[in-house]
Amino acid sequence: GDDNSGRKVITFSCCRMPPSHQLNHTRLLEYLKYTLDQYVENDYTVVYFHYGLKSLNKPSLKWLQTAYKEFDRKYVSKIFGEPKRASEAQVAGQNQATVHPSFYSQYKKNLKALYVVHPTNFIKILWNIFKPLISHKFGKKITYLNYLSDLREHLKYDQLNIPQEVIRHDENLRSKQKGKLPPVVKVPPPRPPLPTQQFGVSLQYIKDKNKGELIPPVMKETVSYLKRKGLQVEGLFRRSASIQTIKDVQKLYNQGKSVNFDDYHDIHIPAVILKTFLRELPQPLLTFECYDHVLGITSVESSLRVTRCKQIILGLPEHNYVVLKYLICFLHMVSQESIYNRMTASSLACVFGLNLIWPSKGTASLSALVPLNLFTELLIDFYTNIFNSRTVPGE
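About the cut-offs
Residues numbered from 1 in each chain as written. Predicted model: local features only at pLDDT ≥ 70, side-chain atom pairs only at ≥ 80, totals over all residues. Heavy atoms only, no water. Buried < 20%, exposed > 50% of the residue type's maximum accessible area, 1.4 Å probe, protein only. Helix = DSSP H or I, 4+ residues; strand = E, 2+ residues; numbered from the N terminus. Pairing = 2+ DSSP bridges. Disulfide = S-S within 2.5 Å. Core = buried A, V, L, I, M, F, W, Y, C linked by side-chain atoms within 4.5 Å. Axes fitted to C-alpha atoms, helices over the stretch in contact; angles between N-to-C directions. Left-handed = near helix turned anticlockwise from the far one by under 90°. Contact = heavy atoms within 4.5 Å. Nonpolar A, V, L, I, M, F, W, Y, C, P; charged D, E, K, R; others polar. Salt bridge = Lys/Arg side-chain N within 4 Å of Asp/Glu carboxyl O. Parallel < 35°, antiparallel > 145°, perpendicular 65-115°, else oblique. Expected span 1.5 Å × (residues − 1).

Caption draft 1: A look at the pairing of strand 2 (residues 44-49). Most of strand 2 sits inside the fold, with six of its six residues counted as buried. Burial along strand 2 is two-sided: the residues Tyr 44, Val 46 and Tyr 48 and Thr 45, Val 47 and Phe 49 are all buried. By the bridge criterion, six bridges tie strand 1 (residues 8-13) to strand 2 in an arrangement that is parallel. Within strand 2, the residue paired with Lys 8 across the bridge is Tyr 44.

Caption draft 2: Spatial organisation of the state of the cysteines. Tallying each qualifying case throughout the model produces zero disulfides. A disulfide-free cysteine, Cys 15 has its sulfur positioned 7.8 Å from the sulfur of Cys 14, the nearest such atom.

Caption draft 3: Focus on the nonpolar core. Grouped together as the largest cluster of nonpolar side chains are 70 residues, with contacts concentrated most on Phe 237, Ile 313 and Leu 324. Core analysis: the next-biggest nonpolar cluster, separate from the first, contains 20 residues, Ile 10, Cys 14, Leu 36 and Leu 53 among them.

Caption draft 4: The arrangement of unusual backbone geometry in detail. Here the phi dihedral of Thr 287 falls at roughly 70°; this positive angle occurs in a residue that is not glycine. Here Thr 287 shows up in the loop between helix 11 (268-279) and helix 12 (291-295). For Thr 287, a relative accessible area of 5% gives the class buried. For Arg 342, which is not a glycine, the phi torsion comes out positive at approximately 60°. The topology assignment puts Arg 342 in the loop between helix 15 (338-341) and helix 16 (345-356). The partly exposed category is assigned to Arg 342, whose relative accessible area is 32%.

Caption draft 5: Geometry of the packing of helix 10 (residues 243-254) against helix 11. Running from amino to carboxyl end, helix 10 crosses helix 11 at an angle of 65°, the nearest separation of the two axes being 10 Å. Of the two elements, helix 10 crosses helix 11, and the hand of that crossing is right-handed. Residue-level contacts link Thr 245, Ile 246, Val 249, Gln 250 and Tyr 253 of helix 10 to Ile 269, Val 272, Ile 273 and Thr 276 of helix 11. Per-class residue counts for the contact of helix 10 with helix 11 are six nonpolar, three polar and no charged.

Caption draft 6: Spotlight on the pairing of strand 3 (residues 111-117). The element strand 3 is largely enclosed, with a buried count of six among its seven residues. Relative to strand 3, strand 2 runs parallel, the two sharing six bridges. Each residue of the ladder has a partner; that of Thr 45, found in strand 3, is Ala 113. Pairing analysis gives four bridges linking strand 3 to strand 4 (residues 142-145), with the strands arranged parallel. Pairing of Leu 114 across the sheet is with Ile 142, part of strand 4.

Caption draft 7: Examining the pattern of salt bridges more closely. Within this structure, the stated rule accounts for three salt bridges. With a closest N to O distance of 3.8 Å, Arg 174 and Asp 170 form a salt bridge. Placement of the pair is Arg 174 and Asp 170 together in helix 7 (residues 164-178), with a separation of four residues, close to one helical turn. Residue class for Asp 170 comes out buried when judged on its relative accessible area of 7%. Linking Lys 220 and Glu 213 is a salt bridge whose minimum nitrogen-to-oxygen distance equals 3.2 Å. On the basis of relative accessibility, which here comes to 36%, the residue Lys 220 falls in the partly exposed class.

Caption draft 8: Geometry of the sheet that holds strand 3. The sheet built from four strands is open, its strands ordered 1-2-3-4 with parallel pairing. Looking at which strands have only one partner, the edges of the open sheet turn out to be strand 1 and strand 4. Between one strand and the next, the sheet's axes are offset by a mean angle of 20°, whatever the strand orientation.

Caption draft 9: Fine view of the environment of Leu 53. Within the element layout of this structure, Leu 53 appears in the loop between strand 2 and helix 2 (61-71). Distance from Leu 53 to Cys 15, taken between C-alpha atoms, is 6.1 Å for residues 38 residues apart in sequence. In contact with Leu 53, other than residues within four places in its own chain, are Cys 14, Met 17, Tyr 48, Lys 58, Pro 59 and Phe 122.

Caption draft 10: Fine view of the packing of helix 14 (residues 318-336) against helix 16. Where helix 14 meets helix 16, the axes come as close as 10 Å, and the angle between the chain directions of the two elements is 155°. Considering their axes alone, helix 14 and helix 16 lie roughly antiparallel with respect to each other. Seen along the crossing, helix 14 lies across helix 16 with a hand that is right-handed. In this structure, helix 14 contributes Leu 324, Leu 327, Ile 328, Leu 331, Val 334 and Ser 335 to the contact, and helix 16 contributes Ala 345, Leu 348, Phe 352 and Leu 356.

Caption draft 11: Quick peek at helix 11. Compared with an ideal rise of 1.5 Å per residue, which puts twelve residues at 16 Å, helix 11 spans 16 Å between its outermost C-alpha atoms and is within 8% of the ideal. Along helix 11, twelve of the twelve residues are buried, which leaves the element largely enclosed by surrounding structure. All buried positions along helix 11 are accounted for by His 268, Ile 269, Pro 270, Ala 271, Val 272, Ile 273, Leu 274, Lys 275, Thr 276, Phe 277, Leu 278 and Arg 279. Structurally, helix 11 contributes buried residues whose contacts are with helix 8 (203-209), helix 9 (217-229), helix 10, helix 14 and helix 16.

This is the structure we're talking about:
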């Protein structure tokens, strides 16, 4: 899922860990690194569910120290696209995967928040052991939460895949605290959108309220601004921005007020706003209907993949097609400046893949990231070829 800043959320549940004698901890460490590699190029958040860690499945302190040192490794090389070491790729089952070597130094740098849910005395003991090794800056990223409900103010709680054991434990904690079962929380009915609403409403709604304009104002203004001032900014779309500022800008747009991005002195704000707009659409730009078709792209022969992308895109509703074409045209322009901004089509695909399409129920699995990102990368790389045969009136 996502947190309130649009950063990807990775969860770790201790209750799912098997007994230590049945677990290869070396492979566990490699799997953790492989999982983080899918997100570490961008800012991300980790939620750690501590319940279920017992003497039977508790890793040794020596292994924890080894793991910490692995995630603290620094690489000097800054060459983009250097191959991942073969041993790691084989363990992960992805021999074709490539990882930028500076990712390893980004494990902690790009981790923006670590939420420890249901902490115990064991966590406090660990903290005292590792405190001399942990920087003050990293320590400020850690937040301890006693109850699951505390997560709601930080991220999209309903997107999380929380084990039933953890949910039951949370209910028991609350009932012990209050001496009774937790009350049923009443959710108020959703308020109707404002006539000027831009975020969280359909493309059709925005079109109807904006005199039939096909390109939503938020997209038009952010893309226009970034074309003028952001094409050569290193790490464009990778960086996060102030949560409060993003909320303030969204509020202005939703109220129909003008937004001047020059006032914020941060080029990453319009970039985050664009991603947020896409992510908050009720239905993804590529539509739910295309999800399975997009997942099938990896099973298509390499030489036919661009043709298959074109077939899928041509099946989109007209409005979605026009908006997607507008966006991909811009992302293609960004990729053409990668010598300056370091944002290749592959890098942009990692950022935008899950903002363009997601499943109708739940969230995309880890295995779905490869085809979703590949499909997005092909759209960006072969923009001219894929979007050259369909013209929509009013485009």
